[in-house]
Every structure is written in C-alpha cells, then in structure tokens.
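Chain residues, written in single-letter form:
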Amino acid sequence: MRKNILPAIRLSLTLIVFLAILYPLTVWGIARFSPDSGKGEVLEHNGKKYYSNIGQSFTEDKYFWSRPSAVNYNAAGSGGSNKGPSNEEYLARVRARIDTFLAHNSDIEKSAIPVDLITASGSGLDPDFSVQAAKVQVKRIAKARNMDESKLLELIDRQTEKPLFGLFGPEKINVLKLNIALDNLK
Amino acid sequence: MNTEILGIIVIFVLSVILAIPLGKYITKVYAGGKTLLDPVFNPVERLFYRVSGIDPDKEMNWKQHLVALLTINLIWFLLSMLILMTMGSLPLNPDHNPGMPPDLAFNTAVSFVVNCNLQHYSGETGISYLGQMWLMFLQFMSAGTGMAAAVVVFRAFGDKTTTRLGNFYNYLVKSCVRILLPISLLIALVLVFEGTPMTFEGKDSITTLQGDPIEVSRGPAAAFIAIKHVGTNGGGFFGANSAHPFENPSYLTNMVEMFAQLVIPIAMIFAFGYFTGRKRLSRIIFGVMTVGFLFLVVPNIIMEMKGNPAISAMGIDNSLGAMEGKEIRIGAAASGFWSIVTTVISTGSVNAMHDSTMPLSGMNQLLAMMANSFYGGVGVGILNFLIFIVLAVFISGLMIGRTPEFLGKKIEARGKAQADSLRKTREETPARLQNGSVISSAQLKKGDVFVCEAGDIVPADGEIIEGLATIDESAITGESAPVVREAGGDKSSVTGGTKVLSDKIIVKVVTRPGESFLDKMIALVEGASRQKTPNEIALTILLAGFVLIFIIVCVTLKPFADYANVSITIGAFISLFVCLIPTTIGGLLSAIGIAGMDRALRANVITKSGKAVETAGDIDVLLLDKTGTITIGNRKATHLYPADGVNREEFVRVAVLSSSADQTPEGKSIVELAQVNPSNYNISSSRVKFIEFTAETRCSGVDIGDTQIRKGAADAIRALAEKDGNPYPEDVANKVKTISEKGGTPLVVSVNNKIVGTIELQDIIKPGIQERFERLRKMGIKTVMVTGDNPLTARYISEKVGVDDFIAEAKPEDKMNYIKKEQNEGRLVAMMGDGTNDAPALAQANVGVAMNSGTEAAKEAGNMVDLDNDPTKLIEVVEIGKQLLMTRGTLTTFSIANDVAKYFAIIPALFITAIPALQNLNIMKLGSPESAILSAIIFNAIIIPILIPLALKGVAYKPIGASALLRRNLLIYGFGGIMVPFAGIKLIDMVVSLFI
C-alpha cells in the first residue's frame, strides 16, 4: 500500500486539474456562446429581469395561478412535498386546495379542475402548467380583468408549447410567459 | 400514439442502439486498440503518467488491484473531508454557504466516494461551488473505479487468469478520460444550450411579476449534471435534483439525461461480450436484464399515468396522472420511466419525488434498488449480474451434481510417494554384461553393452547391436501385443522396463543415467499435479455469507424494534438467529461426505479421500483403455476368406489345421469360428510338425508330411510366396486392405508357399458397452478411447462403439498431454489404468482409478483403487460422485428454503402486538407469539435428524438431462423446502398450543 500512496496522490492531482478544473472551464467557456451566457434563461419585461425556467407564485385573481409549491417558489431552495399518495393529512390539503379554487372560480365545475393545479410539483419551482389548467382559469381572469374570454383562449392557444418536435412529451404552457403576455394584452 | 409514451420508447431504443458502438469503443479502449480519439488522449495520458510516475503497462494481480483501488479511494476520502469541512472559508463561495460539520462531511465524503451520492445537505444552501466541483471530481472517480473493477473481471473471464489482470491506474484513467469525459462534455453542451446554468456567479435577487422579492440559486451546474448521469452517480446540484427546472429545463434535457445514465451500463454488457469473446452470453445477459427491467418499468409507467385513485375520488380531472411531486414539462410517463431507470441503474437522481409515487411504483423502485443489476451502475451493474450468475450456477450446479464451470479451479500439489516404485524398477533391475557378470541397472553407463534373453527385463534404454527379439512393451505403450525389435534399421531401440519374450539380443546403452525413459516417467509422475474441487470451499463461503447476512438481520432488528416501540426478548433474538442460520446443512455436510466414501466402498472401490468421490461426480472427460474396457481383451477371428479359385472347405480345413496347435486366443478363435474339431481331420500325429511363431518369421503353422501350412502377417506370407515365385493374388491384397480399414487384423494363409486365403481378426466389442456410453453422454461426459492401434483402426472402433474421441498410438506422454489440455480448458478428467505407463496420467487426472491387479506405481498414482478390476467401474464411481454433489446441493437448497417459512413464523410473532398491520403477514395463523417461536425452534431441532437418512442414502441420480434434473430437484427440495416447514411448524404449533 505504501508504494501506491505517492503515485496515487500525484495521479489524483493531475486528474483534478484535468477533470475538476479544465473540464468545467471548457463547459463554462462554451456556455458563453449559449443564449444567456450560461446564467440561466433570462426574460426581460418592463425593465425587470426574470428567469423563464424558474416558476413564480401567482395568487392574484387577475393572473393565471401557478401550481402549488411545497417551497412556496423559493428559488434559493427547492423540493417537493414528499407526501405519500394515501397520506390523510396530504389528501386533506388537496381537498382544501380544491375548495379554495372553487371559491375563487365559482362558475367552474369541480370535474374541470386538472390535477396539476391541486398538486405540488417535484421542484416546487415548476414553471409550467397544463393547457387545461390555463383554460379552467379563463372565466375568473376575464371577470377580474373585464376581458373577453375568447381573447384569453386565443392567448392560451398562442402560448401553448407543443411536444418536442411535435412527437415527444407532454404539451405545456409557461405560466410566467403567459402572465406577461396577459399583461401585454391591455 | 400518446406523445409521452412515444418519448420513452424512443429514448430507450436509442440508448440500446447507441450502446452497441459504444460497447465496441469501450472494448477498444481497454484492450488497447486504436480509436479516433487517440491523437487527443495519448499525449494527455502520457503526461499523467509522467507526472505521477506510474507505469500503465505493469500487470497487476487481483490483490494489487485491490490495494491500488483502496489506496487511491482513501486519498480521495481524506481530501473530501478536508474540502467539505473547510469550504466555507475557501474561494468559489459567492453564496457564503458554511462548511460541513464533521458528521455531515463524513456522510457526504463516503457517499460520493462510493458512487452512492446520498445527500443530507441541500445543494443551494449546504455547499460552495468549490465543494460542488470536488464532488463532481468524485463523480468521475467513483464511476471510473467501478469500470476499472469491471474490466479486471472481464480480463479474468476472458483470459482465465488471476495474475495478469492489467493495470488499475491504466483502467481508471482510461475510463475517466476516454469514456466518461467525452460523453459528459457532449451532454453538458446540450444542457447549457437548453438553459442549465454554467456560471460561477452566486444567487440572483429578483422581484416576481406579482411583486414578491425572491432569490434564485445558480452555479456551475451543467458540467456537474452531465457526469452525475454519465457516471450513474445521481447526486443533484440543486436540492430537487433533476426535477429542478435548472437541472432539467426541458423535455429534451430529460431525454438526454435518461440516455446519459442508460447508455454506458448497457454498453458495458456488450463490451463484456466483445472483451471476453462471449458475445452470445452477453446478448443473453442483456436479454434477461431487459426482461427484468421491463417487468419493473412498465407497471410504473401505467400506475403513474393512471394517477392517484384517492384524488380521482375527489371528482376532479385526474387525466394528467399522479402529478404530486412531478413536473409538467416531463409528465407522468417519463417520470415513471425515470423512477425505475435511476433505481435499477443505481443512479439515484430523480426527476420526480419518489415518496409521492404510487405505492406499487414505490415497491418496484425498492425492488429495482435491490436487484441493482438490470443494467446496473457503470461497471458495477454487470459485476452484480455476474455475481448472481455465479450464485445461481453454483446452487443449481450442485443440485444436478456438477461443480459450476464459472468458478475457478485450484491446483494442489501431490506427494512424491508414487514415483518410488518406478524408481525401484529403474535402479534395481539386474543387467547381465557380455562377460557374464551381473550388475544393477543403476550402474549402467552410456556405451555399456548388456545381454537380454527371453524373460529378462531390459535394464536400460539402448540400441540392439546384435540379434532380434519379441518384446512386451506393454509397460510403456499399454498394448499387450509383443513387438519385434532387431539390430539395424529403425526398429533397433529398446526401452528400459520392457520385457523380452523370445530370442536373445545384445544391447548397447544409449542414454546417460537420469535421462532414460523411466527417469522421464518418474519426473512426469512427480511433476503431475492434481486439481481439487472448489466445491466445499465455495459452499462454505456461501454459508458463511448467509450467516453474516442473518447476523446483520438479527442485530439491525434491535433498532427497528426500538423505533417501533417493541421490546424483543433476548430469547426471541437467539431463537430467530438459530432458526435462520443454515444449521441444517451445516450439520449434514460431513455426513454427506462420509456417506459418499462409504457408497464407493460398497461398489468395491477404495477411495483415498472423500474429495476424490466428489470430484468423480464432476468429471467432464473420461479416458478409457480400449483393451479390456471397450473390447474384450483379445482379437477374435470373424471371417474366413478363401482366395479366388480356392475351395472354401479346403481353405477352412487349412486354416483350422494351421491353428490346431496355436494356443494363442487368436488361434483358438479360428478353430471356434470354423466349428470343426481338428481331430476330425484324422491326421496322424507322427507326420505332424508344429511351427511356433517367432519374431523372425512372423508366422506360425504346421508341417504335415510335405505340406507346409503357414499363417501370419500379410507381408511375411507374401515374402514367402514370392520367394518361391508364387503370385500374391490381387483379391487377397484387396481383402487385406479392406480388413485393415475396418479396424481388423488380416492373417494370410499359405500352403506350400501358395496363398490360399485370408483370415479376418476383429476386436470384439463388449456387449452392452454402447448403452454405457449412451448413459455417459446423457450425464454430459465426453468419452475418450485410448489405444495403441493405428488411427484408422482407432477411428473405426470409436465410431462403432460411440465414443467421442480417441487417442491412437498412445504413449504415456500423449495421455498426459491430452489430460492437461482438457484441464487447461477447465474440465475435470477421469482416467482408468493399470500399468506403470499409466502412472503419470493417473496422477495428472482429477480422478485416477487404478486396478487392484495393476502395478504398484499405478495404484499409488491414482486416488482410487478398484478391487474388482472392472474397467467400467468408473461409470458407477461417477454416479456416486454425482449423487454426493447432488445431495449436498439439494439439502443446501432445502435448508435455505426452510428459512422462508421460519421467517414468516417468527417475524410477525415478534412484532405483531406493536404493528397490527403485520397481521396480513401472519399467513400461518399460529397460536401465539410464544408458541410460534417455540414451534419454529422445535421444527429446526427435529429436521436435522429427519434428514440424516437422506444425507446418508444420497439423492437418487438419474441421467435425464441437466434441465430436467434441475426442475425435478428444484420442485422437490426448493418448493418442498418452503412447504415442509410451513406444514411442520403449523402442526407443532397445534400441539404446543395445547400446553401454553
């Protein structure tokens, strides 16, 4: 073992230089050429800066609500609820979310509420929701903003992101982009 | 088709397809072949080795590998502790995160060094960027270590060696630099262009659209996340791992990250095939793994897509699936798929929270982690699977009476005693010199001249300088037919230890002392080594492993019980432990061994060790002497062919007359064939003169008055005829040729030197021998016939009786070499012999059976002696050996299967009061916890004596083919082993319940 120690230390040092310094620097260097220089996808609106991949909390009636979050959209931490599917405490909270949603959207049938609007995401920072989650909120927002529902439906249509190459994965809508576009509609 | 499902199928198929060329590339990398990337990596690696002073071409054995691996990992561990504890005050810490306390640093260091990547810190708040970069380094190293270990095993399987297994540092560097790095770089580039951060700036503060101030953690994540998947490490950069929208920003990155963790584990399976030249095996392994993988993954996708029924019951739209803990951009299907990929491959990264998946999905995730080998981690996945194969092969091999070929075989040196009697022959044979004085053979020098007459043993190797003699060379060649040796020409040499049968020769010694044939033979015997079965060792290791596992089970039960507020009495712990450890088989092992020797003795075979009997059951190749085993010792006349124009009756008469005085078995058989009594021919004895066979004339016969009848070898009679100007008829020549081709011996008969016909002598194959070979073939044993005959005859006979191979014109070295060759290919060889010439081969063979009538040297060299001198006895010995192995294997299976029932009896009993839900496990419905434990203990105590008779009698062996045998024994002893204790414990419990 003793005769292995020095060579192992020297080899480790060279590997550190190569894999823990040169490799990340290379990726970092190339990232300079990516759309937002490797600082996360950024979105500017009214002179303010947002991260389009980091979901935000929307609770006001005039905005499309985002999904519930176990970390309250705190982007300096992340995580899910880690609640088991049959946990009574958890199911009670889901029921409460449904009631809250119905209280704010009185014109909506319960069966129209999509599951993503009453369940917390894995990261607590989910930037997206489903198309149904947008549509189910149209009546409330139209009322809050005094707008035509059809304009909102058109907006949802425009903001819907199709599956990758039209073939793989689910459809989704970025809530932040949708709400910014909503603000721009005025 | 549903786009979520399509996405999964595409990523899986793509991973498999790309794993094939990657497998080839990996093979080339480790085998030192040329690759496209050489111009980049060769100089880099040279620099590494120059700086570190390592010679990458130095071969290591497995111990050196282990030491190198552990040493460098220890260094990484120590560095990890240092960095993780002090990183709070080191550079690259823009968020001012603190260093880790020692316990957390220890946990993190160990978990990243061993590729486990368990995280008890959150990436956003618990570690600096320097710490992250260090963990990223460990993600390369732990994966590289696993791959290096796999290559060592590939080498061991491929080259069948345990000493020259390549260089650990070479494998480690190649894994990291040539495999992990390029793939990671590609993956990292996709990630940064899809939105994963790669920045050294710290947290950003922003205000949301609604006006809330929040902070956004960033960091050099892309490089980290790439190797996290490529190296199947799994530790996340951010707390939410790959569910985090920075770690996994889009469906495309999700596909890429799934591909990144799947591709190398699958490629390693193909690389195993290319590397060891066992492509078929690697394809089978891949197939089995894929079936296992699909069995786990398909239900999970379905269950996650169906959604939580408790939420469906609330009456909302649950069509998206079980979305708690899942991300919209990924969806339920890809989350369900990932949950199995990451657990079964041991990555451990998540793109959805597993705590919130459906209960049965969670079960599959746990099963996947336990199997850990349906593809498995880089390097270690295939290793895990090979361990499973070895275990399965071992247990099922034993159950059908074979030692698995997957296990290596050890070589054990043998004592030198068996060479002693050979040495005696060489040194103490009297040698008569020309002047009449007699000295011992040991005193003969090269150039000395000695005389041998009929009956003498030739004292030394030499060359005949005068005379001609028939010599019995059976001690060397094993063939009892005498041969002619005469001065001059190429038949002039004689060998020490052979016996002169007729005539007288004068011989000059041609070898120096110590170089004679006998000396070589002694050296061969002394040098021959015997292999030993690894069976008992392996079984002991297996049982020890079980004991260790059960100790861990029993000891860890205590904290579990404390947590569940259950107090378990010491008595209950001991009962559980006693019931679980495989005492049954442990107690019976020696009984089985002794019973094997005893059964051999009853078959009139004395064995020198129990191991020999056990080995006999494993025999792959059986060497049998032709004479006496396959054929009846002597040749017999089978046909009489008169020459053209010769009356058949007349020819028969001549043939019988020529043999009437011939007392050799061949001669007698001619008379028998003709079915006439020579005395019927009414020949007055006064006119008859019998001519004996001599080596000179090579024919025998009778003179009746003027009529000279001769019979003998074709060329001898031909010479006689042609000397008198008589022709050698063409039809006779043809007949002679056909008889030889058919493996027979032609004798030509002449009357007054005129050729009258041919007699055909044939080897007579023992009745029933074909059936015996058929039985051996069903046992999976290759039979080899050893004979001194020419290859033509040997082939004819071997085809006729159905042996698989033959050694023609066999000399002792030929047998030795044949045995060695088979052994080098990992087979066990048995051989039967009686002569001194057989001794080296008997010593070399794994099972050497000597005839009791054989020479002392043969008996000493073998490890069994057959008292009946029956050459076919080996078949019985093999069956006894198989029975021994099978008894051991089936009883082991039975004993281990017993544990299942005992577990069900005791565990619910221990916990049932504290955890009422365990009532579901209490399928046996035993009276009370006390009676359950007591019944299990009583059952445990009485099952051993019940099994003793079976251990002594042995499990019946039937040559019905390996898989049929395995099925049968698995059913009886595996399934039976589970059912019997269920019934037994229940019955005992009913009785015990009456009293308590």
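The rules behind these values
- Residues numbered from 1 in each chain as written.
- Chains lettered and ligands numbered in written order.
- Predicted model: local features only at pLDDT ≥ 70, side-chain atom pairs only at ≥ 80, totals over all residues.
- Heavy atoms only, no water.
- Helix = DSSP H or I, 4+ residues; strand = E, 2+ residues; numbered from the N terminus.
- Contact = heavy atoms within 4.5 Å.
- Buried < 20%, exposed > 50% of the residue type's maximum accessible area, 1.4 Å probe, protein only.
- Axes fitted to C-alpha atoms, helices over the stretch in contact; angles between N-to-C directions.
- Parallel < 35°, antiparallel > 145°, perpendicular 65-115°, else oblique.
- Left-handed = near helix turned anticlockwise from the far one by under 90°.
- Core = buried A, V, L, I, M, F, W, Y, C linked by side-chain atoms within 4.5 Å.
- Domains from an automatic or database assignment.
- Buried area = accessible area lost by both parts, 1.4 Å probe.
- Salt bridge = Lys/Arg side-chain N within 4 Å of Asp/Glu carboxyl O.
- Polar contact = N/O pair within 3.5 Å; in protein donor to acceptor, adjacent residues only side chain to side chain.
- Nonpolar A, V, L, I, M, F, W, Y, C, P; charged D, E, K, R; others polar.
- pLDDT = per-residue confidence, 0-100.
- Pairing = 2+ DSSP bridges.
- Patch = residues over 30% accessible without salt bridge, like charges linked within 9 Å, V, L, I, M, F, W, Y side chains within 5 Å.
- Areas by Shrake-Rupley, 256 points an atom, 1.4 Å probe, with all protein chains shown as cover.
- Expected span 1.5 Å × (residues − 1).
- Lys, Arg positive; Asp, Glu negative; His and termini not counted.
- Charge placed at Lys NZ, Arg CZ, Asp CG, Glu CD.
- Phe/Tyr/Trp six-rings, centres within 6.5 Å; stacked < 30°, edge-to-face > 60°.

## So, the overall build of chain B
For chain B, the count of helices and strands is 32 helices and 24 strands. Within chain B, contacts between residues at least 6 apart in sequence are counted, and of these 70% link residues at least 24 apart.

## Some points on the overall build of chain A
Along its length, chain A carries six helices and five strands. For chain A, the α and β elements follow one another from N to C terminus as α-β-β-α-β-α-α-α-β-β-α. The buried share of chain A, taken over its 186 residues, is 55%. In chain A, the share of contacts with a sequence separation of at least 24, taken over all contacts with a separation of at least 6, comes to 58%.

## Quick look at the packing of helix 1 (residues 3-31) of chain B against helix 8 (residues 251-276) of chain B
Residues and elements named next belong to chain B. Contact pair helix 1 / helix 8: the axes reach a minimum separation of 5 Å and the direction vectors enclose 40 degrees. Overall, the two elements helix 1 and helix 8 adopt an arrangement that is oblique. The two elements helix 1 and helix 8 meet at a crossing, and its hand is right-handed.

## Considering the nonpolar core
One finds Phe 137, Ile 264, Phe 293, Phe 337 and Tyr 375 of chain B to be the most contacted residues of the largest nonpolar core, which totals 141 residues. Each of domain 1 (1-39) and domain 2 (42-184) of chain A accounts for three or more of the residues forming this core. For Ile 264 of chain B, the residues in contact, after removing those within four places along its chain, are Leu 22, Ile 26, Met 147, Ile 179, Leu 180, Ile 183, Val 230 and Val 378 of chain B. Of all hydrophobic cores here, the second largest spans 78 residues; its members include Cys 579, Leu 624, Tyr 957 and Tyr 973 of chain B.

## A word on the interface of chain B and chain A
Contact residues are listed per partner, giving 98 residues for chain B and 97 residues for chain A. With both chains or domains summed, chain B and chain A bury close to 7700 Å², and 69% of this area falls on carbon and sulfur atoms. The tally of links from chain B across to chain A stands at three salt bridges. The salt bridge partner of Arg 329 of chain B is Asp 126 of chain A, with a shortest N-O separation of 3.9 Å. Across the contact surface, chain B and chain A share 36 residue pairs in polar contact (both at pLDDT 80 or more). Top element by residues in the side of chain B that touches chain A is helix 6 (residues 168-194) of chain B. It accounts for 13 residues.

## Topic: the packing of helix 3 (residues 62-86) of chain B against helix 6 of chain B
When two helices pack together, their arrangement is given by the angle between their axes and by how far apart the axes lie. Residue and element names in this part refer to chain B. The contact between helix 3 and helix 6 brings their axes to 9 Å, and the two run at 55 degrees. By the angle between their axes, helix 3 is oblique relative to helix 6. Each of His 65, Ala 68, Leu 69, Ile 72 and Trp 76 in helix 3 lies in contact with helix 6, whose residues at this interface are Phe 168, Tyr 169, Tyr 171 and Leu 172. Partitioned by chemical class, the residues of the contact of helix 3 with helix 6 number eight nonpolar, one polar and no charged.

## A look at the confidence of the model for chain B
Residue and element names in this part refer to chain B. Scored by pLDDT, chain B has a mean of 83; 89% of the residues are at 70 or more. Contacts of residues 404-418 to residues separated by more than four positions or lying in other chains number 38 contacts, the stretch itself having pLDDT below 50. Note on residues 528-533: pLDDT is under 50 here. Beyond four places in sequence and across chains, it has 34 contacts. Here the predicted complex scores 0.68 on pTM and 0.96 on ipTM.

## Things to note about the pairing of strand 7 (residues 462-472) of chain B
Residue and element names in this part refer to chain B. Alignment of strand 7 against strand 9 (residues 493-494), held across two bridges, turns out to be antiparallel. Pairing of Glu 463 across the sheet is with Ser 493, part of strand 9. By the bridge criterion, four bridges tie strand 7 to strand 8 (residues 483-486) in an arrangement that is antiparallel. Looking at the pairing, Thr 470 lines up with Val 484 of strand 8.

## Examining a nonpolar patch on the surface
Residues and elements named next belong to chain B. A grouping of Leu 934, Ile 938, Ile 942, Ile 946, Val 991, Leu 994, Phe 995 and Ile 996 is seen on the molecular surface, where their side chains present a nonpolar patch of about 820 Å² in accessible area. Within the residue set of the nonpolar patch, elements represented by two or more residues are helix 31 (929-953) and helix 32 (962-995). Examining the composition of the nonpolar patch, we find that four residues originate from one element, helix 31, more than from any other. Inspection of the secondary structure assignment puts Ile 942 in helix 31. By relative accessible area, Ile 942 is classed as partly exposed at 38%.

## Some remarks on the sheet that holds strand 4 (residues 160-161) of chain A
Residue and element names in this part refer to chain A. Reading across the sheet, the three strands line up as 3-5-4 and stay open at both edges, with antiparallel pairing between neighbours. Pairing within the sheet leaves two strands with one partner each, and these edge strands are strand 3 (128-129) and strand 4. Across two bridges, strand 4 lies against strand 5 (residues 172-174) in antiparallel orientation. Within strand 5, the position partnered with Thr 160 by the bridge is Ile 173. With respect to the sheet, helix 6 (residues 175-184) is in contact with strand 3 and strand 5, its orientation differing from that of strand 5 by roughly 60 degrees.

## A few points about unusual backbone geometry
Residues and elements named next belong to chain A. Positive phi, close to 55 degrees, is recorded for Asn 72, a residue that is not glycine. Of note, Asn 72 is situated in the loop between strand 2 (48-51) and helix 2 (88-104). The backbone of Asn 146 shows a phi angle near 60 degrees, a positive value even though the residue is not glycine. Structurally, Asn 146 can be placed in the loop between helix 4 (138-145) and helix 5 (149-159). Assessed through its relative accessible area of 73%, Asn 146 is described here as exposed.

## Things to note about the pattern of salt bridges
All told, the structure shown has 28 salt bridges over all chains when counted by the stated rule. When the shortest N-O distance is used, the salt bridge between Glu 89 of chain A and Lys 83 of chain A registers 3.9 Å. Residue class for Glu 89 of chain A comes out exposed when judged on its relative accessible area of 55%. Each member of the salt-bridge network shares a partner with another, and the members are Arg 67 and Asp 126 of chain A together with Glu 327 and Arg 329 of chain B.

## Focus: the confidence of the model for chain A
Atom-level detail of predicted coordinates should not be read off regions where pLDDT is low. Here chain A shows a mean pLDDT of 92. Residues at 70 or above account for 99%. Per-element averaging of pLDDT across chain A places strand 1 (residues 42-45) of chain A at the bottom with 89 and strand 5 of chain A at the top with 96.

## A few points about the side chain of Thr 342 of chain B
Residue and element names in this part refer to chain B. Turning to its location among the elements, Thr 342 is positioned in helix 11 (residues 331-344). For Thr 342, a relative accessible area of 1% gives the class buried. When near neighbours in sequence (up to four residues on either side) are disregarded, Thr 342 contacts Gln 261, Thr 347, Gly 348, Ser 349 and His 354.

## Topic: helix 5 (residues 129-159) of chain B
All names here are of chain B. Its 31 residues give helix 5 an end-to-end C-alpha distance of 45 Å, which sits within 8% of 45 Å, the value for a rise of 1.5 Å per residue. Measuring from the backbone nitrogen of Leu 130 back to the side-chain oxygen at the start of helix 5 gives 3.3 Å, which picks out Ser 128 as the cap. After helix 5 finishes, the residue Lys 160 shows a positive phi value of roughly 50 degrees.

## A closer look at a positive patch on the surface
Residue and element names in this part refer to chain B. On the surface, a cluster of positive charge is contributed by Lys 24, Lys 28, Lys 279, Arg 280 and Arg 283. At the level of elements, helix 1 and helix 9 (279-306) are the ones that each hand at least two residues to the positive patch. Examined against the element boundaries, Arg 283 turns out to sit in helix 9.

## Observations concerning the pairing of strand 22 (residues 829-833) of chain B
Residues and elements named next belong to chain B. Taken across its five residues, strand 22 has five buried, putting it largely inside the fold. Along strand 22, one buried face is formed by Val 829, Met 831 and Gly 833 and the opposite face, lined by Ala 830 and Met 832, is buried too. Summarising the sheet, strand 13 (residues 621-625) and strand 22 pair through three bridges and their orientation is parallel. Residue pairing in the sheet places Leu 623 in a bridge with Met 831 of strand 22. Two elements, strand 22 and strand 23 (residues 847-851), share four bridges in a ladder whose sense is parallel. Bridge pairing in strand 23 places Gly 833 opposite Ala 850.

## Let's talk about the packing of aromatic side chains
Residues and elements named next belong to chain B. This model, assessed by the stated rule, comprises 25 aromatic pairs over all chains. Pairing Phe 293 with Tyr 375 gives two aromatic rings, centres 5.2 Å apart and planes at 50 degrees, and the pair type is tilted. Pair noted here: Phe 293 is in helix 9 and Tyr 375 is in the loop between helix 12 (359-371) and helix 13 (380-399), with a separation of 82 residues, a long-range link. A single burial state applies to Phe 293 and to Tyr 375, both of which are buried.

## Considerations on the sheet that holds strand 22 of chain B
The strands making up a sheet associate through hydrogen bonds between their backbones, and the pairing can be parallel or antiparallel. Residues and elements named next belong to chain B. What the seven strands build is an open sheet, ordered 12-24-23-22-13-20-21; its pairing is mixed. Every interior strand has two partners, whereas the edge strands, strand 12 (605-607) and strand 21 (805-807), have only one. Sheet twist, expressed as the average angle between the axes of neighbouring strands with direction ignored, equals 20 degrees. Helix 26 (residues 791-801) rests against strand 20 (782-786) and strand 21 of the sheet, and its axis sits at about 150 degrees to strand 21.

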